[in-house]
Protein chains: 2
Amino acid sequence: MPTSESVDDYLRAILELSGKSEERVSSNGLATRLGVRAASVTGMLQKLAAQRPPLVLYEKHRGVRLSAAGMRRAWEIVRHHRLLELFLHDVLKYSWDEVHEEAERLEHFISERFEDRVAAILGDPEVDPHGHVIPHRNGTIPVREEVPLVEWPIGKPAVLSSVSDRDPAALRELQRLGLVPGSGLVVDESKPNASLLVRLSGQKRQIRLSIELALHVAVDASRI
Amino acid sequence: MPTSESVDDYLRAILELSGKSEERVSSNGLATRLGVRAASVTGMLQKLAAQRPPLVLYEKHRGVRLSAAGMRRAWEIVRHHRLLELFLHDVLKYSWDEVHEEAERLEHFISERFEDRVAAILGDPEVDPHGHVIPHRNGTIPVREEVPLVEWPIGKPAVLSSVSDRDPAALRELQRLGLVPGSGLVVDESKPNASLLVRLSGQKRQIRLSIELALHVAVDASRI
DNA sequence: GCACTAATTTAGGCTAGCCTAAAAAATTCT
DNA sequence: AGAATTTTTTAGGCTAGCCTAAATTAGTGC
Ligand SMILES: [Mn+2]
Ligand SMILES: [Mn+2]
Ligand SMILES: [Mn+2]
Ligand SMILES: [Mn+2]
């Protein structure tokens, strides 16, 4: 069962919108994420659910979630995406904010051989340039506990684990501020004007972070 | 005027079938090369000729050739293809016979940035793994005089310049025999049973080369 | 020049994936 | 609960690129 570029995009969008808890995803949510109309989403979901084996579990008016086969394919595409991002960054010297767009296109077209060779060159890496874990070749997903920075307790030291990759301008700003995966930091204060005051480890200077920007950031929650 | 994968394939096929002399290409020839029906070719050619600016010059029943715009786009795709082949071979350690298929797919989807970074990593290379010249970034095509091995005079020393990349089995066989770009050789005899007897420079052993295999090989004709 | 054959084009259809507009179902509000 | 609103689905259409079958044109042999 080969999948088209569009089908791959739907599966990955369902995976990403459903979150850790694998909740059902709405047609509207998918339409917004994919930049198509809700009617187009309904049509596609009906097709994916009718495949044997089905790629999604779909009940009219009740949202959709991935089947086992859909889950497998979605994570496969995510592995392509994250390996490509790291490859573009480390080997082809793309900047942090440039990798996502190119990876989003190429993820659909590289072969398993390409995937394997890139993984080998990069030394079977564990995370992409934005700090997201890279699924293993065999389909297993490394677990990692993360919390959105906006939910992290005031005053408790944290380690930045990942940043969202979809907004190049935000990425450039975060890099400028030194907020990259691995950075240690403390949230000093959550201001009423919808911003956070944070300090990087070993620095006295406070950084004022808008909520919109802070929403792009997650920290390591392994010892919450 | 963005071009689709199919359109790119048509343009590249017209370029490759029309040869140095830029002869008109027939619908049937294109259909065979592209693995589609002649009726589909006619439909596509009419569409490409109707674009403003047109990508091909097409006269009913009289074949087709590339317009200036079509030529530009076709060589652009060829540059992608050949850079990708060299990159897959040199960086990702693909073998000689594996690069073509992957490059054929990816050539349509890499960005100009990707093209530039790959070219930079490879040091602005002049030829791909099969000995084919790589068009320059600005669109100019390096000239090189080549002659099919089967037309090369008996007994005259030659240098192998390129081999066709579309037949993996033939490529493996040629590599096994030591017939790679740069190899010096002499044709000793053209046998009536449709084969050539050749010797590699500095070797006494004769190699028997079927005409089918020999048709895959071209030699440097700069001093014919 | 005419008949036959080969190449090409036209006509009509199909699928994937998108769209708009209208209908129907679910949810929210009073 | 019943009305109003929002979400989702259905219905009908469109384009790109492919197909088969039927014309048409070009080329060949006599
Ligand atoms: Mn990404
Ligand atoms: Mn995509
Ligand atoms: Mn090739
Ligand atoms: Mn292609």
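Anything mentioned here points back to the structure above.
All of the points below concern the structure found in this document. Here the structure is a predicted model, which means the values were calculated and not measured.

Let's talk about the packing of helix H1 (residues 5-18) of chain A against helix H4 (residues 68-90) of chain A
All names here are of chain A.
- Two elements in contact, H1 and H4, have axes whose closest approach is 9 Å; the angle formed by their N-to-C orientations is 95°. Comparing their axes, H4 and H1 come out roughly perpendicular. Touching Asp8, Leu11, Arg12, Leu15 and Glu16 of H1 are Gly70, Met71, Arg73, Ala74, Trp75, Ile77, Val78 and His81, all from H4.

Considerations on the protein's contact with DNA strand C
- Every one of the 21 residues lining DNA strand C counts as a neighbour, but Ser4(A), Ser40(A), Lys47(A), Gln46(B) and Tyr58(B) are closest to it.
- Among the atoms of DNA strand C close to the protein, meaning within 4 Å, 83% are from sugar or phosphate groups.
- Interatomic distance of 2.3 Å between a side-chain N/O atom of Lys47(A) and a phosphate oxygen of DNA strand C.
- Broken down by secondary-structure element, the contributors of at least two residues to the surface near DNA strand C are H1 and helix H3 (38-50) of chain A together with helix H2 (27-34) and helix H3 (38-50) of chain B.
- Of the residues contributing to the surface near DNA strand C, the split by class is seven nonpolar, eleven polar and three charged.

Some points on the coordination of the manganese ion (ligand 3)
All names here are of chain B.
- Protein ligation of the manganese ion (ligand 3) involves His81 (NE2), Glu85 (OE), His100 (ND1) and Asp165 (OD), the donor distances falling in the range 1.8 to 2.1 Å.
- Expressed as a motif, the donor residue spacing for the manganese ion (ligand 3) is H-x3-E-x14-H-x64-D. One end of the pair is His81 and the other is Glu85, both in helix H4 (residues 68-90) and four residues apart, which spans about a single turn.

Focus: the relation of the copies chain B and chain A
- The two copies are related by a screw operation: chain B maps onto chain A through 180° of rotation and 0.0 Å of translation along the axis, at an RMSD of 0.0 Å. One copy is carried onto the other by what is essentially a two-fold rotation axis.
- Here 100% of the interface residues in chain B have copies in chain A that are interface residues too; the copies meet face to matching face.

The rules behind these values
Residues numbered from 1 in each chain as written. Chains lettered and ligands numbered in written order. Predicted model: local features only at pLDDT ≥ 70, side-chain atom pairs only at ≥ 80, totals over all residues. Heavy atoms only, no water. Axes fitted to C-alpha atoms, helices over the stretch in contact; angles between N-to-C directions. Helix = DSSP H or I, 4+ residues; strand = E, 2+ residues; numbered from the N terminus. Parallel < 35°, antiparallel > 145°, perpendicular 65-115°, else oblique. Contact = heavy atoms within 4.5 Å. Near = heavy atom within 4 Å. Polar contact = N/O pair within 3.5 Å; in protein donor to acceptor, adjacent residues only side chain to side chain. Nonpolar A, V, L, I, M, F, W, Y, C, P; charged D, E, K, R; others polar. Donors = N, O, S within 2.8 Å, 3.2 Å for Na, K, Ca; no water. Least-squares fit on C-alpha atoms with pLDDT ≥ 70 in both.

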